[in-house]
Amino acid sequence: MGQRVFLLRLLTRRERLRRRIWHLMEDAGVLTFPLEVFGRVPNFIGAEQAAELLAKQPEFAQAKVVFVSPDHVMRRVRELVLERGKILAVSLPQRLLRRGAPALLQITERKAIKAAVSVDNFLRYGKPLSLPVDLAVLSSVVVDHWGNRLTPYREFGDREWQLLVEGGFVRESTKIATITHPLQFADDLVKWRTDEDVRAHLIVTPEEVIRVREHCEAASAPYQQNGSV
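Residues numbered from 1 in each chain as written. Predicted model: local features only at pLDDT ≥ 70, side-chain atom pairs only at ≥ 80, totals over all residues. Heavy atoms only, no water.

Here's the deal with the pairing of strand β5 (residues 133-137)
- Most of β5 is tucked away: five of the five residues are buried.
- In this sheet, β5 lies alongside strand β1 (residues 65-68) in parallel orientation, the contact comprising three bridges. The residue bridging Val68 from the neighbouring strand is Val137, located in β5.
- Bridging between β5 and strand β8 (residues 170-179) involves four bridges; their strand directions are parallel. Opposite Val133, over in β8, you have Val170 as the bridge partner. (Buried < 20%, exposed > 50% of the residue type's maximum accessible area, 1.4 Å probe, protein only. Helix = DSSP H or I, 4+ residues; strand = E, 2+ residues; numbered from the N terminus. Pairing = 2+ DSSP bridges.)

Set out below in structure tokens:
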């Protein structure tokens, strides 16, 4: 009973933190379509610049298969994967999962890229994922400078990452990245996370790149490029 009460309280506190970030971004006027942000991954002004900056990083350049979350904020990231001649791995949102439809797809379209990266066209341009992922670009609502992150889901963990792991598409060398607005940073998420929450190795905003040291502790400063913590 004690553990159950603790987890329920933790879920409630995580939701309060997410709502604080959603309100903060809404009040600051940094959101773009879809403007109804509550319960979603925020799509922010500057997301395309963050995507371009991510594409300049060696983790992106060296990856052959890149998984990208299906959220609006990641659209430019998905375009860049195909523009650079890589294989784009995606997951179907719950609303598009049909009986027998694969949850994970790979897309290699080189001409109709803008159409192919639209969530509604994943099934048209994709085929079942068959290759391991080198880089996973996952969406976040809240992050800290140590790679801890919260998704919009009330449960623990990350649905897309769990699908990749369960499907056998994650290797020990697979890296995790996320793109965020500066307003999405919290001081320290360690006390809000569980072992099911996956951390990012790389956090990219429109103006900076933060690389998280492997196995770093919350009290240790992360390595940061293009800025200072």
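Points about the environment of Phe33
- Looking at the secondary structure, you find Phe33 in the loop between α1 (2-28) and α2 (47-55).
- On the basis of relative accessibility, which here comes to 57%, the residue Phe33 falls in the exposed class.
- Considering only alpha carbons, one finds Phe33 and Phe44, eleven residues apart in sequence, at a separation of 8.1 Å.
- Discounting residues that sit within four places of it in the chain, Phe33 has contacts with Asn43 and His72. (Contact = heavy atoms within 4.5 Å.)

Quick notes on the packing of α2 against helix α4 (residues 75-83)
- Two numbers describe how α2 lies on α4: the axes approach to 8 Å, and their chain directions differ by 35°. Crossing of α2 against α4: the hand is right-handed. Each of Glu48, Ala51, Glu52, Leu54 and Ala55 in α2 lies in contact with α4, whose residues at this interface are Arg76, Val77 and Leu80.
- Looking at the contact of α2 with α4, its residues break down into five nonpolar, no polar and three charged. (Axes fitted to C-alpha atoms, helices over the stretch in contact; angles between N-to-C directions. Left-handed = near helix turned anticlockwise from the far one by under 90°. Nonpolar A, V, L, I, M, F, W, Y, C, P; charged D, E, K, R; others polar.)

Quick look at the environment of Glu48
- Counting through the fold element by element, Glu48 comes out in helix α2.
- Distance in space between the C-alpha atoms of Glu48 and Val77 is 7.7 Å, their sequence separation being 29 residues.

Notes on the pattern of salt bridges
- Scanning all chains against the criterion turns up ten salt bridges.
- Across the pair Arg18 and Glu15 runs a salt bridge, and its minimum N-O distance is 3.0 Å. One end of the pair, Arg18, and the other, Glu15, are both in helix α1, three residues apart, so they sit about a helical turn from each other. Comparing Arg18 with Glu15 shows no difference in burial state: the two are buried.
- Between Arg171 and Asp134 there is a salt bridge, and its shortest N-O distance comes to 2.2 Å. Residue Arg171 is found in strand β8, and its partner Asp134 is found in strand β5; the two are separated by 37 residues along the sequence.
- Because the salt bridges share partners, they merge into one network encompassing Glu52, Arg75, Arg76, Glu79, Glu83 and Lys114. (Salt bridge = Lys/Arg side-chain N within 4 Å of Asp/Glu carboxyl O.)

Quick look at the confidence of the model for the protein chain
- When pLDDT is averaged across the protein chain, the result is 86; 85% of the residues are at 70 or more.
- Low pLDDT (under 50) marks residues 215-229, which in the prediction has 33 contacts with non-local residues, meaning those over four places away or in another chain. (pLDDT = per-residue confidence, 0-100.)

What to know about α4
- Counting buried positions along α4 gives seven out of nine residues, so the element sits mostly inside the fold.
- Buried within α4 we find Arg76, Val77, Arg78, Glu79, Leu80, Val81 and Leu82.
- At the exit of α4 stands Gly85, carrying a positive phi of roughly 80°.

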